[in-house]
Amino acid sequence: MSLPKPIMRGLLAKRLRFHLPIACIMALLAGATFKFTVAEPRKQAYADFYKKYDSMKDFNAMREAGVFESVRPSGE
Amino acid sequence: MKSKTPAHCRVCPAPVLFTIKAILGRARKRKRKCILGGAFRPRRPTCGFTVFQPNPVSEQNMMSLPMYCDRLDIPLPDKPYQDVLSAADKSLKQKEKGPWNNLSKEEKIALYRIMFKETYAEMKRPSSEWKTVFGGIFFFVGLTGLVVFWQRIYVYPPSPRTFEEEWQAKQVKRMLDMQVNPVEGFSAKWDYEKGQWK
């Protein structure tokens, strides 16, 4: 029986040649996916919230509800 | 020739099982001293008992010698499976010293069985052990569940008042009044105009 001699060297290098570019691409894809599904919508949501934000109105609403200790509701 | 009872070490009462020559069956009358160096000598009676040698069981003295094992990660065990060969096996071993093309298939298998107990296929055969393992796991997890349930009833102190329905409702109202996470989180899901969840 004369089998061909199996490959004895360079096994890791061969595996890396194949898998390393794939790993880099997957990492970039993961980052891009996160950016465009989570980060960008979140930034937009905050921008939209603060476009129409009236801080005094919200402050007075909170004051009337009685959550502050420095200012009590206007009735008392 | 040699008597059936093993020769005894002159220093300690252990039979001469622990010399290489004794093992090879050539213990000589002169050298009746073993390498234990008197370790099993009966000592002075302290606490009312003496220490004698353990009963020489055949398994006892094999632990210090190379042993055979069937393991997937040890392809060549320390010693062949069959030590004592019959006459047929011995002649087969002689034939093995020649060119192997002369050996028939049955002879090759016989030689394999002399060297090894089980083939890799036999070693890897599936067993039903997993059923026992899972059964045991589920049984003990169930037992633990019963113990925990008993604990809940008889051991735990009363719950804090912050767990009551009324308290929780007041807590939620206070969080909405404070506008906790109004952009994307808690209060963002509450409709302040209508006074209900979105």
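Coordinates for the structure precede this section.
Residue positions are given per chain, counting from 1 as you read along its sequence in written order. Chain A is the first chain written and ligand 1 is the first ligand written, with later ones labelled in order. In keeping with the predicted nature of the model, local features appear solely for residues at pLDDT of at least 70, side-chain atom pairs appear and are counted solely at 80 or more, and the whole-chain, interface and lining totals rest on all residues. Excluded from the side-chain calculations are hydrogens and water; all other atoms, namely the structure's heavy atoms, are used.

Trainee: Please clarify how a nonpolar patch on the surface should be interpreted in this entry.
Mentor: Nonpolar side chains (Val, Leu, Ile, Met, Phe, Trp, Tyr) are joined into patches within 5 Å and like charges within 9 Å, using only residues with over 30% relative accessible area and no salt bridge. Methods summary: accessible areas were calculated by the Shrake-Rupley approach with a probe of 1.4 Å, and residue burial reflects only the protein chains presented. For this document, the term salt bridge refers to a Lys or Arg side-chain nitrogen within 4 Å of an Asp or Glu carboxyl oxygen. A cluster of nonpolar side chains, namely B:Val148, B:Phe149, B:Trp150, B:Ile153, B:Tyr154, B:Val155 and B:Tyr156, defines an oily patch on the protein surface of about 780 Å² accessible area. With respect to the helices, strands and loops of the structure, B:Val148 is situated in helix H5 (residues 129-154). Only DSSP runs of H or I with at least four residues qualify as helices, and only runs of E with at least two residues qualify as strands; both kinds are numbered from the N terminus onward.

Trainee: For this particular structure, what's the right way to read the interface of chain A and chain B?
Mentor: The contact rule is simple, with two residues in contact once any of their heavy atoms fall within 4.5 Å. Taken together, the contact pairs nine residues of chain A with seven residues of chain B. In total, about 780 Å² of surface goes out of reach between chain A and chain B, with carbon and sulfur atoms giving 61% of it. Considering only the surface of chain A that becomes buried against chain B, A:Phe49, A:Met62 and A:Val67 emerge as the three largest contributors, covering 53% of it. Remark: the boundary between chain A and chain B carries one salt bridge. In this structure, A:Arg42 engages B:Glu184 in a salt bridge whose closest nitrogen and oxygen atoms are separated by 3.0 Å. Two N or O atoms form a polar contact when they lie within 3.5 Å of each other; inside protein one atom must be a possible hydrogen donor and the other a possible acceptor, and for residues adjacent in sequence the pair counts only when both atoms belong to side chains. Taken together, the links from chain A to chain B amount to two residue pairs in polar contact (both at pLDDT 80 or more). Going through the elements one at a time, helix H1 (11-51) and helix H2 (55-65) of chain A are the ones with two or more residues in the side of chain A that touches chain B. It is H1(A) that provides the largest number of residues to the side of chain A that touches chain B, a total of five residues. Note on terms: buried area is the combined drop in 1.4 Å-probe accessible area of two parts once they are placed together, counting the loss on both.

Trainee: Even after reading the chapter, I still don't get the layout of surface pockets, so can you show me in this structure?
Mentor: The rolling of a water-molecule-sized probe over the atoms marks out the regions of remaining empty space. Quantified by volume, the largest pocket comes out at close to 510 Å³. Together, 22 residues line the largest pocket, and A:Lys57, A:Asp58, B:Gln179, B:Tyr192 and B:Glu193 are the ones closest to its centre. If you list the elements that add at least two residues to the lining of the largest pocket, you get H1 and H2 of chain A together with helix H6 (165-177) and strand E1 (190-191) of chain B. Considering every element that reaches the lining of the largest pocket, the biggest residue donor is H2(A), with five residues. Buried and open spaces are told apart on a 1 Å grid over the protein atoms alone, a cavity being a set of points where a 1.4 Å probe fits but cannot get out and a pocket being an open set with protein on both sides within 12 Å along at least five of seven lines. Residues with an atom within 4 Å of a point are the lining residues. Grid points are joined across faces, edges and corners, and a volume is the space filled by probe spheres set on the points.

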